[in-house]
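If you want the building blocks of each chain, they are given just below.
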Protein chains: 2
Amino acid sequence: MRLATLRDGSRDGRLVVVRRDGEAFADASRVAPTLQDALDGWEEREPALRALAESVDAGGVEVERLDPTRLLSPLPRAYEWVDGSAYLSHVRRVRKARGAEPPPTLETDPLVYQGGSGVLLAPCEDIPLPDAAWGMDFEAEVCVVLGDVPRGAQDAERHVRLLCLANDLTHRNLVPPELAKGFGFFQSKPATAFSPFAVTRDELGDAWRAGRPHLRLSVRWNGVQVGDVDAGEMHFSFDDLVRHIAKTRGFTAGTILGSGTVSNADPARGWSCIAEQRALEMIEHGAPRTRFLEPGDRIEIAARDASGRDVFGTIRQRVVAT
Amino acid sequence: MRLATLRDGSRDGRLVVVRRDGEAFADASRVAPTLQDALDGWEEREPALRALAESVDAGGVEVERLDPTRLLSPLPRAYEWVDGSAYLSHVRRVRKARGAEPPPTLETDPLVYQGGSGVLLAPCEDIPLPDAAWGMDFEAEVCVVLGDVPRGAQDAERHVRLLCLANDLTHRNLVPPELAKGFGFFQSKPATAFSPFAVTRDELGDAWRAGRPHLRLSVRWNGVQVGDVDAGEMHFSFDDLVRHIAKTRGFTAGTILGSGTVSNADPARGWSCIAEQRALEMIEHGAPRTRFLEPGDRIEIAARDASGRDVFGTIRQRVVAT
């Protein structure tokens, strides 16, 4: 089942169910008006939503043509956005690029940070760039949307309701002074964008294994594919991440948990954020050659399954000066 | 006007208006079912809520006796909880206690971190303590609840809807290893508790000046007053904090923004978190003498105005082993 949120002028939009081919949708608001509402009562609502999705696929329900620019982020505002950094080649390269050592516990203790979740960008929404000198970068990630997670939870399996993609934007040049203050990211992380669809795990088939999404992510910058990365290379699984974040508190339904920038040890797979490429260039040439984002740039992020289907729809954004 | 959220079995509780004497409340759900809903449509709903509050004070509406243990946090789950650290004597003492230097920009660039907001403790809810070795500490803070804040906002005046208090709990012994990883607090910050009432600025009278709440906070630990601190001593005002957090993104209505632990340069005012007292003991005696929280401990936090009125109601919590 694939769910999406239609822009309707309200803060939370309107829940819709997406047809299997991704070309049409049906209103789901008679089951749940919003995705947050569906997640709040998932055990009751999931069966009704699945029944509706089956009717949509069977042609038994009135549908509308799906235009991704009419969609909001699946959760236009979320109660929490917690982002991990589970691909260690990313951590190693980016820290090297800013002259910081990876923490000694890199392989045993997951890195996560608390992101801002009250204003999230739509999948095709412009990326506002107030100042190009801040070094705007994209980051392609896989996320899980959680149900209620009690403190002390030990695994993700029972708590993952949906999966989606994120474009976790970062002002790279604001990161070093901010992290030097000791309290983590704040101004360096503007609003994050999410994929058109949030999908149940069964949509991944056997690509969901051991708490990891074994999917290929395609990352395109101005039409050129810069990354064809394997999201299955997570060092920490979503089980590990859930165990980590739930050590001292619980989470409400609708919490979004991100994998961190998808990154592969093999540089031939390319990159899903500019900072990594710049880091590799510094190692090879002594200085970065690839610039950060500028107004007019276009970014596309999508994940295809083994059959070639665009699982989450494509994040397709343009950078605009503001 | 003073608002509160009654526990009714739902995730967001039910909005109530509190009588001037704090002894009774009236259901406000015919105006707005929840506080979040009131904040989402504040311009329309504020006048109706104020009219209801006037009727309550005039005895023209049916009321119920107010029992603070029936209240949830004003926002039982919030879209964001952003916490500053605007009292510099706190930063200086606590960093000294853990052998860390304050950042060189301490007086010019506010420290803020993104807190977890999806599960918030009620004002009289037990504080769960899984492991006393984690060094549980309380922190008394003043918070503002914001309306919609656009990116680039320059002041708090237009955006502050309500004020409340927080008990920002911290596992002190989890802080140094976590901050050493570079991404800020996560496991070291369990769920935060908030005061019974969230109040409009006019309830503070002239105690709200230049974006600062000039109120005395009383902090009691097992019945003993350990702090009688002046919340007006904020180095950074809420205007400064709003300008800081809105540099690169906007915020949705219902975002909670905290002052950080209230702290005064004059040690005779006492303390509103244990870490500060331990820091002073280390300076004086070479070692801390005051222990962190243990099961059975009771914490009370309240703010009184010049007339002695308990403005936000009293946070009254007990620590329980879990």
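Residues numbered from 1 in each chain as written. Chains lettered and ligands numbered in written order. Predicted model: local features only at pLDDT ≥ 70, side-chain atom pairs only at ≥ 80, totals over all residues. Heavy atoms only, no water.

Observations concerning the overall build of chain A
Piece 1. What chain A contains, in helices and strands, is six helices and 21 strands.
Piece 2. The C-alpha atoms of chain A give a radius of gyration of 19 Å, which matches the 20 Å a tight globule of 322 residues would have.
Piece 3. The buried share among the 322 residues of chain A stands at 62%.
Piece 4. Across chain A, contacts joining residues at least 24 apart in sequence account for 71% of those joining residues at least 6 apart.
Piece 5. By element, 48% of the accessible surface of chain A is carried by carbon and sulfur atoms, the whole surface being about 11500 Å².
Piece 6. Put simply, chain A has 40 plus and 48 minus side-chain charges, and the middle of one group is 2 Å from the middle of the other. (Helix = DSSP H or I, 4+ residues; strand = E, 2+ residues; numbered from the N terminus. Rg over C-alpha atoms; globule rule 2.2 N^0.38 Å. Buried < 20%, exposed > 50% of the residue type's maximum accessible area, 1.4 Å probe, protein only. Contact = heavy atoms within 4.5 Å. Areas by Shrake-Rupley, 256 points an atom, 1.4 Å probe, with all protein chains shown as cover. Lys, Arg positive; Asp, Glu negative; His and termini not counted. Charge placed at Lys NZ, Arg CZ, Asp CG, Glu CD.)

A closer look at the packing of aromatic side chains
Working definition: an aromatic ring pair is given by the centre-to-centre distance plus the angle between the planes.
Piece 1. This model, assessed by the stated rule, comprises 17 aromatic pairs over all chains.
Piece 2. For the pair Phe-186 of chain A and Phe-251 of chain B, a centre-to-centre distance of 6.4 Å together with 15° between the ring planes defines the contact as stacked. One end of the pair, Phe-186 of chain A, is in the loop between α4 (175-180) and β13 (193-194); the other, Phe-251 of chain B, is in the loop between α5 (238-245) and β19 (256-258), on a second chain.
Piece 3. Note on Phe-186 of chain A: relative accessible area 2%, which makes it buried.
Piece 4. Centre to centre, the rings of Trp-81 of chain B and Phe-194 of chain B are 5.2 Å apart; their planes meet at 80°, and the pair counts as edge-to-face. Of the two residues, Trp-81 of chain B is situated in strand β6 (residues 81-84) and Phe-194 of chain B in strand β13 (residues 193-194); the sequence distance between them amounts to 113 residues.
Piece 5. The class of Phe-194 of chain B is buried, set by a relative accessible area of 1%.
Piece 6. Within the aromatic cluster, the residues linked to one another by ring pairs are Tyr-113 and Phe-185 of chain A together with Phe-183 of chain B.
Piece 7. Sitting above the plane of the Phe-185 of chain B ring, Lys-189 of chain B keeps its charged end 4.9 Å from the centroid. (Phe/Tyr/Trp six-rings, centres within 6.5 Å; stacked < 30°, edge-to-face > 60°. Lys NZ or Arg CZ within 6 Å of the ring centre and 35° of its normal.)

Quick word on the interface of chain B and chain A
Piece 1. The partner chain A presents 53 residues to the 53 residues of chain B that form the contact.
Piece 2. Surface buried jointly by chain B and chain A totals about 4700 Å² across both partners, of which 55% is contributed by carbon and sulfur atoms.
Piece 3. Taken together, the connections running from chain B to chain A amount to eight salt bridges.
Piece 4. The closest approach of N and O atoms between Asp-109 of chain A and Lys-181 of chain B, which form a salt bridge, is 3.0 Å.
Piece 5. Scanning the region where chain B abuts chain A turns up 31 residue pairs in polar contact (both at pLDDT 80 or more).
Piece 6. A total of four residues in the side of chain B that touches chain A trace back to one element, the largest contributor, which is strand β7 (residues 112-115) of chain B.
Piece 7. By residue class, the composition of the side of chain B that touches chain A is 23 nonpolar, 17 polar and 13 charged. (Buried area = accessible area lost by both parts, 1.4 Å probe. Salt bridge = Lys/Arg side-chain N within 4 Å of Asp/Glu carboxyl O. Polar contact = N/O pair within 3.5 Å; in protein donor to acceptor, adjacent residues only side chain to side chain. Nonpolar A, V, L, I, M, F, W, Y, C, P; charged D, E, K, R; others polar.)

Digging into the sheet that holds strand β18 (residues 224-230) of chain A
All names here are of chain A.
Piece 1. Taken together, the five strands give an open sheet; going across it, the order is β8-β21-β20-β17-β18, and neighbouring strands pair in mixed fashion. Two strands bound the open sheet, and with one partner strand each, they are β8 (127-129) and β18. Between one strand axis and the next, the sheet turns through 20° on average, direction left out of account.
Piece 2. As defined by bridge partners, strand β20 (residues 298-304) adjoins strand β21 (residues 315-321) across four bridges and the pair is classed as antiparallel. (Pairing = 2+ DSSP bridges. Axes fitted to C-alpha atoms, helices over the stretch in contact; angles between N-to-C directions.)

Let's talk about the environment of Ala-193 of chain A
Residue and element names in this part refer to chain A.
Piece 1. Within the element layout of this structure, Ala-193 appears in strand β13.
Piece 2. Take Ala-193: its relative accessible area is 0%, and that puts it in the buried class.
Piece 3. Between the C-alpha atom of Ala-193 and that of Pro-74, which follows or precedes it by 119 residues, the distance is 9.8 Å.
Piece 4. If we skip the residues at most four places from it in the chain, Ala-193 touches Leu-121, Ala-122, Leu-165, Ala-166, Asn-167, Ile-315 and Gln-317.

Some details on the relation of the copies chain B and chain A
Piece 1. Relative to chain A, chain B is turned by 180° and slid 0.0 Å along the rotation axis, the superposed coordinates differing by an RMSD of 0.0 Å. A rotation of that kind, with that shift, is consistent with a two-fold axis.
Piece 2. A share of 100% of interface residues in chain B that are also interface residues in chain A marks the association as one of identical surfaces. (Least-squares fit on C-alpha atoms with pLDDT ≥ 70 in both.)

Examining helix α3 (residues 88-97) of chain A
Residues and elements named next belong to chain A.
Piece 1. Extensive coverage of α3 is indicated by the burial of seven of its ten residues.
Piece 2. Residues of α3 that are buried include every one of Leu-88, Ser-89, His-90, Val-91, Arg-93, Val-94 and Arg-95, and no others.
Piece 3. Buried residues along α3 sit against α6 (274-285).
Piece 4. One or two positions beyond α3, positive phi appears at Gly-99, with a value near 70°.

Focus: α6 of chain A
A turn of α-helix holds 3.6 residues, and therefore any two residues three or four places apart point the same way.
All names here are of chain A.
Piece 1. Between its first and last C-alpha, α6 extends 16 Å over twelve residues, near the 16 Å set by a 1.5 Å rise per residue.
Piece 2. What α6 keeps buried is the set Ile-274, Ala-275, Glu-276, Gln-277, Ala-279 and Glu-281.
Piece 3. Residues of α6 that are buried sit in contact with α3, β9 (136-137) and β17 (216-221).
Piece 4. At the exit of α6 stands Gly-286, carrying a positive phi of roughly 85°. (Expected span 1.5 Å × (residues − 1).)

Quick notes on the environment of Glu-64 of chain A
Residues and elements named next belong to chain A.
Piece 1. Structurally, Glu-64 can be placed in strand β4 (residues 64-65).
Piece 2. On the basis of relative accessible area, Glu-64 is assigned to the partly exposed category, the value being 38%.
Piece 3. Along the primary structure Glu-64 and Arg-19 are separated by 45 residues, whereas in three dimensions their C-alpha atoms are 9.9 Å apart.
Piece 4. A distance of 3.3 Å separates polar atoms of two side chains, one belonging to Glu-64 and the other to Arg-70.

Topic: the pattern of salt bridges
Piece 1. For the coordinates displayed, the defined rule picks out 60 salt bridges over all chains.
Piece 2. Across the pair Asp-126 of chain B and Arg-318 of chain B runs a salt bridge whose closest N-O atoms are separated by 3.3 Å. In this pair, Asp-126 of chain B sits in the loop between β7 and β8 (127-129) while Arg-318 of chain B sits in strand β21 (residues 315-321), placing the two residues 192 residues apart along the sequence.
Piece 3. For Asp-126 of chain B, a relative accessible area of 31% corresponds to the partly exposed category.
Piece 4. When its relative accessible area of 40% is taken as the criterion, Arg-318 of chain B is described as partly exposed.
Piece 5. What you see here is one network of salt bridges that share partners, running through Arg-11, Asp-12 and Arg-77 of chain A together with Asp-40 and Asp-148 of chain B.

As for the confidence of the model for chain A
Piece 1. Chain-level pLDDT for chain A is 96 on average; 100% of the residues reach the 70-or-more range.
Piece 2. For this predicted complex, the interface score ipTM comes out at 0.97, while the overall pTM is 0.98. (pLDDT = per-residue confidence, 0-100.)

So, the packing of α3 of chain A against α6 of chain A
Residues and elements named next belong to chain A.
Piece 1. With their axes 8 Å apart at the nearest point, α3 and α6 run at an angle of 65° to one another. Considering the relative orientation of α3 and α6, their crossing is left-handed. Of the residues in α6, those in contact with His-90, Arg-93, Val-94, Lys-96 and Ala-97 of α3 are Ala-275, Glu-276, Ala-279, Leu-280, Met-282 and Ile-283.
Piece 2. Here the contact of α3 with α6 is built from residues that sort into seven nonpolar, one polar and three charged. (Left-handed = near helix turned anticlockwise from the far one by under 90°.)

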